[in-house]
Structure formats: structure tokens, C-alpha cells
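Spelled out from the first residue to the last, the chains are:
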Amino acid sequence: IAGITQAPTSQILAAGRRMTLRCTQDMRHNAMYWYRQDLGLGLRLIHYSNTAGTTGKGEVPDGYSVSRANTDDFPLTLASAVPSQTSVYFCATKEGGARYNEQFFGPGTRLTVL
Amino acid sequence: GQQVMQIPQYQHVQEGEDFTTYCNSSTTLSNIQWYKQRPGGHPVFLIQLVKSGEVKKQKRLTFQFGEAKKNSSLHITATQTTDVGTYFCAGKAAGNKLTFGGGTRVLVKP
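Residues numbered from 1 in each chain as written. Chains lettered and ligands numbered in written order. Predicted model: local features only at pLDDT ≥ 70, side-chain atom pairs only at ≥ 80, totals over all residues. Heavy atoms only, no water.

**Brief notes about the overall build of chain B**
Our working definition: Put simply, DSSP marks the helices as runs of H or I at least four residues long and the strands as runs of E at least two long, and each gets a number from the N terminus on. Using C-alpha atoms as the atom set, the radius of gyration is obtained and then compared with a globule rule of 2.2 Å times the number of residues to the power 0.38. A simple rule labels every residue: compare its accessible area, found with a 1.4 Å probe on the protein chains alone, to the largest value its type can have, and call it buried under 20%, exposed over 50%, or partly exposed in between. Note on definitions: a residue-residue contact is assigned when non-hydrogen atoms from the two residues lie within 4.5 Å. Throughout, the Shrake-Rupley method with a 1.4 Å probe supplies accessible areas, and for residues the shown protein chains are the sole cover considered. This count recognises Lys and Arg as positive and Asp and Glu as negative, with His and chain-terminal groups excluded. Where a charge lies is defined by one atom per residue type: Lys uses NZ, Arg uses CZ, Asp uses CG and Glu uses CD.
Per the secondary structure count, chain B includes zero helices and eleven strands. Secondary structure of chain B in N-to-C order comes out as β-β-β-β-β-β-β-β-β-β-β. On C-alpha atoms alone, chain B measures out to a radius of gyration of 13 Å, which is about the 13 Å that the 2.2 N^0.38 rule sets for 110 residues. Considering only C-alpha atoms, chain B reaches an extent of 45 × 25 × 20 Å along its principal axes. The buried share of chain B, taken over its 110 residues, is 46%. Considering only contacts in chain B between residues 6 or more positions apart, those separated by 24 or more positions represent 53%. By element, 51% of the accessible surface of chain B is carried by carbon and sulfur atoms, the whole surface being about 5300 Å². If you average the places of the 13 positive and of the 6 negative side-chain charges in chain B, the two averages end up 10 Å apart.

What follows is the structure, given as C-alpha cells:
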């Protein structure tokens, strides 16, 4: 593994189904983030984790949940998918500490909810 | 809450010409970052500005942070086809998470 991996690359999902998007990093970064990207709206923060064992809500958390059992993994779960959750989802990481603000992004997951 | 606006949303540029994209925040920022996303790719960090009035250059790209730390600009000179993509600014206010603007999608006409 090099950097950040996300799975699946793309997915078509029926409304009402449960779905987990996976994100794994090998950079040992403390902070991890989930964003969704929609045309014209940029990247909007869904949930974040400053360190393993802690999570927080971002700008658009409704309908999503996360967990951070260890440093490397930060899965995003849609409990019951709805069409408005059709989007491209990016996982990102950041090295801990106030000096290091650059975020590193994974390749993304394209999700379509029908 | 904190809002970050970018204009224009789209920029069609003739190859060889210059252009500027602007970023405005509703709140004073502690720093601002710029990212580039190539078509079909993921955002990649370009630069961070921290000081009031700061100007940084990366080859043909010039980044500026406003005196009031509420706005920023990215100026690209002599645009090339490799400049195609979407440029995002992202502002961080004290105690807040990074907030991304909507992006400027740059299309280059050869």
C-alpha cells in the first residue's frame, strides 16, 4: 500500500441499502477526513477524526457514520442510502500538529444511489 | 458558518494567456490553501499562505493572501494545456475545520 487507498472505486447502489466505503492509509497520519464532492459545491466535510478513537461531525454529517478503531482505517457508512447521496467521496489525511496543514487525498469512490 | 466563495466557476483560457481566480471568505482566516484537481483525479495540495499580504510563486503560478486575510487569488501566466483542471481554495479560520470553495474549472483552448 502506498499512501491512501479507497474501496470500492465505484458503486451503484439501490436506495435503502447499507454501504460502507473503505479508506486505508499507510502514512501514519493522525487526522483523517471524509469529503463529498458535488459539481459546483466543492468539497464538503462529512466527518473527521483527529486521532484514533475519536471522531467528529463535519458540515454534512446526516445519513453518514464513521469509526476510527486504529490509525490506518477510517470507514464511512451509509446506513440507508438515498439518491441525494450520489456523489464522489474522497478520504483525506493530515499529519498531526498545527504546523502540518496539507491534506492528502485518496483516489475517491464514485457512488450512485438509484 | 464559515463560507468560502470562488469566482469564476468556469474559466476558458486561450493557451498562452493569463488568468486569475479569486477566493473570498466570510470570516477572517488563519491560513488558506490551494489545491489542484486534474480531470478524473483527486485534489492535490499546491500551497499554503499564512501571513497577511503574503505572495508566493510556483513557476507560472502566483498566489496571494489579502491584507485582511479574507481573500486570496491565484494568477497563472502563459497558460498551458497542463494547467487544465479545477483549482480549489480552502480556508481555515481559528478553531474551525478547513472549508473548501466551489472551485474554478479551467479549460484551455489550444
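**Thoughts on the sheet that holds strand 8 (residues 76-78) of chain A**
All names here are of chain A. The test is simple: Should DSSP find at least two bridges between two strands, the strands are taken to pair. To get an axis, fit a line to the C-alpha atoms, keeping to the stretch in contact for a helix; angles then go from 0 to 180 degrees between the N-to-C directions.
In space, the four strands of this open sheet follow the order 1-3-8-7, with antiparallel pairing throughout. This sheet does not close on itself; its edge strands, each paired only once, are strand 1 (4-7) and strand 7 (64-66). With strand direction ignored, the average angle separating the axes of adjacent strands in the sheet is 15 degrees. As paired strands, strand 1 and strand 3 (residues 19-25) are joined by four bridges and run antiparallel to one another. Paired with Q6 across the two strands is C23, which belongs to strand 3.

**Considerations on the pattern of salt bridges**
Rules: The rule for a salt bridge is simple: a side-chain nitrogen of Lys or Arg has to be within 4 Å of a carboxyl oxygen of Asp or Glu.
All told, the structure shown has five salt bridges over all chains when counted by the stated rule. Between R44(A) and D38(A) there is a salt bridge whose closest N-O contact spans 2.9 Å. The buried category is assigned to D38(A), whose relative accessible area is 14%. Across the salt bridge formed by E54(B) and K56(B), the nearest N and O atoms sit 3.7 Å from each other. Taking relative accessible area as the criterion, K56(B) reaches 31% and is therefore assigned partly exposed.

**Some thoughts on the interface of chain A and chain B**
To keep things clear, this is the line we draw: Put simply, buried area is the surface a 1.4 Å probe can reach on two separate parts but cannot reach once they are joined, added for both. Identification of polar contacts relies on pairs of N or O atoms within 3.5 Å, with a donor-acceptor requirement for protein atoms, meaning one able to donate a hydrogen and the other able to accept it, and with residues adjacent in sequence counted only if both atoms are side-chain atoms.
Facing 17 residues of chain A, the contacting portion of chain B comprises 17 residues. When the two sides are added together, the surface that chain A and chain B hide from each other amounts to roughly 1400 Å², 58% of it contributed by carbon and sulfur. The largest share of the area that chain A buries against chain B comes from L43(A), N101(A) and F105(A), three residues that together contribute 34% of it. Run the count over chain A and chain B and you get zero salt bridges. Between chain A and chain B we count five residue pairs in polar contact (both at pLDDT 80 or more) in total. Put simply, the parts of the chain that give the side of chain A that touches chain B at least two residues each are strand 4 (31-38) and strand 5 (42-49) of chain A.

Nothing here speaks to function; it is all geometry.
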